[in-house]
Amino acid sequence: MVLVKLVVVMDKDIVNQNSVNETIGYELATVAGGCFWCIEGVFKRQKGVVSVVSGYAGGDVENPSYTQVSTGDTGHVEAVQITFDPQQIGYADILRIFWRQFDPTDAGGSFGDRGPQYESRIFYHSALQKQVAQISKQELQDSNTFADAVVTPIIAFTNFYPAEEYHQEYSKKNTGHYERYRFFSGRDKFIKESWGDTPLILGEQPLFKNEFENTDAEADLSIKYQKPDDSVLRKTLTNTQYKVTQLDRTEPSFNNEYWDNKAPGIYVDIASGEPLFSSTAKYNSGTGWPSFYQPIDKRFITEHVDRKLFNTRTEIRSKFADSHLGHVFEDGPAPTGLRYCMNSSAMRFIALEDMLQEGYGEYLYLFEEDE
């Protein structure tokens, strides 16, 4: 057992994993299962857990920022470090909770978050933790819960750097966005399908409060982001905007409004206002159309097979307005390797300074400066 002094770290100093306090006798666990908001939020609810810190672990860059880790080039993964009281909860139970929060058969990321920074890990702090983790992983594999092999690596702990302040306790600070993210990313659905109603937190507490399983959340969003009647669209949209969004046309390359726009802000559906893409994921693809390596939130886009031009492509449409936006290709940059090639005419740009006033304040976190 690794005995550690209780240290709640919220700055950019590395956590001291070797400090010992025989009186307190707390232990550390460091795990990664995709988006650290989701892993942190669950462990915060568990009796016996003293503190949970979101951060970056296992890489080669000292004190990395979120922006650096997001490139996928630092070797770090989004992780959480859990300080727990072994008199109330054991390491095996920590892992029991951990396994049920993500897809341990996915080697390429976690749900909608793709790239090495979102891969799962167990970082053991002692020989005993390593042994417990190996047994736990084998038991999960033998349970036949998943059709595919459990691929989460078990590796020695090397480092952990706390993430920026705005990432800490995200489920508490931004509850609405957190709950929507869990639901619409597919994480909650996957957990439900894999584990059913089995209590996943000790003491028979629910694993998470699924606001959307018991409410008609998608219906609420469809009301918020309604598609106007065709008669209204014909009056409010330009000829090009109407043809692109409603008739699936494509605007000219290098001769559209946003292909070279470098201002910070977000791009929303021209008809409904659904948030689609952020300037933080925009890059110059050389195609003459605005290109992004990922959407803001995949719940606002849908994918469709397009065979119109003698070859098969993947069309992207908005979820609620069903506007034709463009296509996605697998020749984009890290961290996703995707190119969402969009039509400017299908979107409206909202500058960063106008986002709060226009009702998109919940997405300001995308533009938080590194500390």
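Residues numbered from 1 in each chain as written. Predicted model: local features only at pLDDT ≥ 70, side-chain atom pairs only at ≥ 80, totals over all residues. Heavy atoms only, no water.

Chemist: Help me get a handle on the sheet that holds strand β10 (residues 275–278), residues and values and all.
Modeler: Across a sheet, strands are paired by hydrogen bonds formed along the backbone, either parallel or antiparallel in direction. An order of β10-β9-β17 is seen for the 3 strands of this open sheet, with the pairing classed as antiparallel. Every other strand in the sheet has two partners, leaving β10 and β17 (347–351) as the edge strands with one partner each. Ignoring strand direction, the axes of neighbouring strands in this sheet form an average angle of 30 degrees. Two elements, strand β9 (residues 265–269) and β10, share 3 bridges in a ladder whose sense is antiparallel. Along β10, the bridge assignment pairs I266 with S278. (Pairing = 2+ DSSP bridges. Helix = DSSP H or I, 4+ residues; strand = E, 2+ residues; numbered from the N terminus. Axes fitted to C-alpha atoms, helices over the stretch in contact; angles between N-to-C directions.)

Chemist: Describe the layout of surface pockets, and please don't skip the residues or the numbers.
Modeler: Computed from the structure, the largest pocket encloses a volume of approximately 950 Å³. In terms of lining residues, the largest pocket is bounded by 41 residues, among which Y66, D113, Y118, Q294 and L366 are the most central. Listed by contribution, the elements that provide at least two residues to the lining of the largest pocket are α1 (36–43), α2 (66–70), β5 (113–114) and α6 (175–184). Its residues assigned to classes, the lining of the largest pocket comprises 20 nonpolar, 13 polar and 8 charged. (1 Å grid on protein atoms, 1.4 Å probe; cavity = no way out; pocket = protein on both sides within 12 Å on 5 of 7 lines; lining within 4 Å. Points joined across faces, edges and corners; volume = space filled by probe spheres on them. Nonpolar A, V, L, I, M, F, W, Y, C, P; charged D, E, K, R; others polar.)

Chemist: Describe the sheet that holds strand β13 (residues 301–306), listing the residues and the values that go with them.
Modeler: Pairing is antiparallel across the open sheet formed by 6 strands, whose spatial order is β11-β12-β16-β15-β14-β13. In the strand order of this sheet, the two ends are held by β11 (282–283) and β13, each with one partner. Here 2 bridges tie β11 to strand β12 (residues 291–292), and the two strands are oriented antiparallel to one another. The partner of K282 across the bridge, within β12, is F292.

Chemist: A description of unusual backbone geometry should follow, citing residues and the corresponding values.
Modeler: In this chain, A334 is followed by P335 through a cis amide linkage whose omega measures 10 degrees. Mapped onto the secondary structure, P335 falls in the loop between β15 (324–329) and β16 (339–342). Residue F254 is not a glycine yet carries a positive backbone phi of 60 degrees. Looking at the element boundaries, F254 is found in the loop between α10 (239–247) and β9. Relative accessible area serves as the criterion here: at 45%, F254 is assigned to the partly exposed category. Although it is not a glycine, D322 sits at a positive phi angle of roughly 60 degrees. Relative to the elements of secondary structure, D322 occurs in the loop between β14 (313–318) and β15. Classification of D322 as partly exposed rests on a relative accessible area of 37%. (Buried < 20%, exposed > 50% of the residue type's maximum accessible area, 1.4 Å probe, protein only.)

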